[in-house]
Amino acid sequence: MSAYNSLRLLYRLRNLENQMVKFDDQLNSLKTDLDAVKADLATATTGIAGLQQQISTLNTTVANLQTQLQAAGLTADQQAAVDAAVAEADGLKTSADALAANFPAPSGTPAPTGTTTPATPPAPTGN
């Protein structure tokens, strides 16, 4: 192999090495972005779970209140107000459940296996 061909090959290998380094940088940037999205999804999922729990507590409180008030004897307007509160609480729960279905708990994302560093090419031999 002539010195010219060896230098040309070395130049191409250096270009390939530079491209691989850029690719590794982009891959690491992508992993960082994915981790950020995963954290945001976890936060949203936690928030939705908390909202569902609060709505469930609200439903229980309204149901208990309704039972207590019925025993005391309600006017038609009072009963209508209690029924409206129960219907609204049920609607909120349905909405929260639908929202939760759109934000399932994030699963692990495959991580890159590390940066790929190309092997240093052997020194050209003069022919």
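### Thoughts on the overall build of the chain
Here is step 1: Scanning the chain for helices and strands turns up two helices and zero strands.
Here is step 2: Sequence separation of 24 or more characterises 84% of the internal contacts of the chain that already satisfy a separation of 6 or more.

### Focus: the side chain of Asn 59
Here is step 1: Considering the arrangement of structural elements, one finds Asn 59 in helix H1 (residues 3-72).
Here is step 2: Aside from chain neighbours lying at most four places away, what touches Asn 59 is Ala 89, Asp 90 and Lys 93.

### As for the pattern of salt bridges
Here is step 1: Across all of its chains, the model carries three salt bridges by this definition.
Here is step 2: Across the pair Glu 17 and Arg 14 runs a salt bridge, and its minimum N-O distance is 3.8 Å. Of this pair, Glu 17 and Arg 14 both sit in helix H1, three residues apart, roughly one helical turn.
Here is step 3: Here Arg 14 falls in the partly exposed class, since its relative accessible area comes to 41%.
Here is step 4: We note a salt bridge from Lys 93 to Asp 97, for which the minimum N-O separation is 3.0 Å. Of the two residues, Lys 93 and Asp 97 are both situated in helix H2 (residues 76-102); the distance of four residues between them amounts to about one turn of the helix.
Here is step 5: We classify Lys 93 as partly exposed; its relative accessible area is 33%.

### Some details on H1
Here is step 1: In this model H1 runs 103 Å from its N-terminal to its C-terminal C-alpha over 70 residues, within 8% of the 104 Å that 1.5 Å per residue would give.
Here is step 2: Taken together, the buried positions of H1 are occupied by Ser 6, Asp 24, Thr 45, Ile 48, Ile 55, Asn 59, Val 62 and Gln 66.
Here is step 3: Looking at the buried residues of H1, the elements they touch are H2.

### With respect to a nonpolar patch on the surface
Here is step 1: There is a patch of nonpolar side chains on the surface, built from Leu 9, Leu 13 and Leu 16 and spanning about 230 Å² of accessible area.
Here is step 2: Turning to its location among the elements, Leu 13 is positioned in helix H1.
Here is step 3: Since its relative accessible area comes to 31%, Leu 13 is described here as partly exposed.

### Here we look at the confidence of the model for the chain
Here is step 1: The share of residues in the chain with pLDDT of 70 or more is 80%, and the mean pLDDT across the chain is 77.
Here is step 2: Segment residues 110-119 is flagged for pLDDT under 50; beyond a separation of four residues in sequence, or across chains, it makes ten contacts in the model.

### Description of the environment of Thr 57
Here is step 1: In this fold, Thr 57 is placed in helix H1.
Here is step 2: Put simply, Thr 57 and Ala 89 are 32 residues apart on the chain and 9.8 Å apart in space, counted from C-alpha to C-alpha.

### Quick word on H2
An α-helical turn contains 3.6 residues, so any two residues separated by three or four positions project in the same direction.
Here is step 1: Here H2 is 27 residues long and its end C-alpha atoms lie 39 Å apart, about the 39 Å a rise of 1.5 Å per residue gives.
Here is step 2: Elements that come into contact with the buried residues of H2 comprise H1.

### Some thoughts on the environment of Ala 101
Here is step 1: Position of Ala 101 among the secondary structure elements: in helix H2.
Here is step 2: C-alpha separation for the pair Ala 101 and Thr 45, spaced 56 residues apart in sequence, amounts to 9.7 Å.

The rules behind these values
Every chain begins its residue count from 1, and numbering advances along the sequence as written. For a predicted model such as this one, the threshold for reporting local features is a pLDDT of at least 70, and the threshold for listing and counting side-chain atom pairs is 80 or more; totals across whole chains, interfaces and linings nevertheless cover every residue. As a rule here, side-chain values cover all heavy atoms of the structure and leave hydrogens and water aside. Runs of H or I in DSSP of at least four residues are treated as helices and runs of E of at least two as strands, each being numbered from the N terminus. Residues are treated as being in contact if the distance between any of their heavy atoms lies within 4.5 Å. We define a salt bridge as a side-chain nitrogen of Lys or Arg found within 4 Å of a carboxyl oxygen belonging to Asp or Glu. Whether a residue is buried, partly exposed or exposed follows from its accessible area with a 1.4 Å probe, protein chains only, as a fraction of its type maximum: under 20%, in between, or over 50%, in that order. Multiplying one less than the number of residues by 1.5 Å gives the expected span of a helix. A patch consists of residues exposed above 30% relative accessible area that lack any salt bridge, with like charges linked at up to 9 Å and nonpolar side chains (Val, Leu, Ile, Met, Phe, Trp, Tyr) linked at up to 5 Å. What sets the accessible areas is the Shrake-Rupley method with a 1.4 Å probe; for residues, cover comes only from the shown protein chains. Here pLDDT means the predictor's own confidence in every residue, given as a number from 0 to 100.

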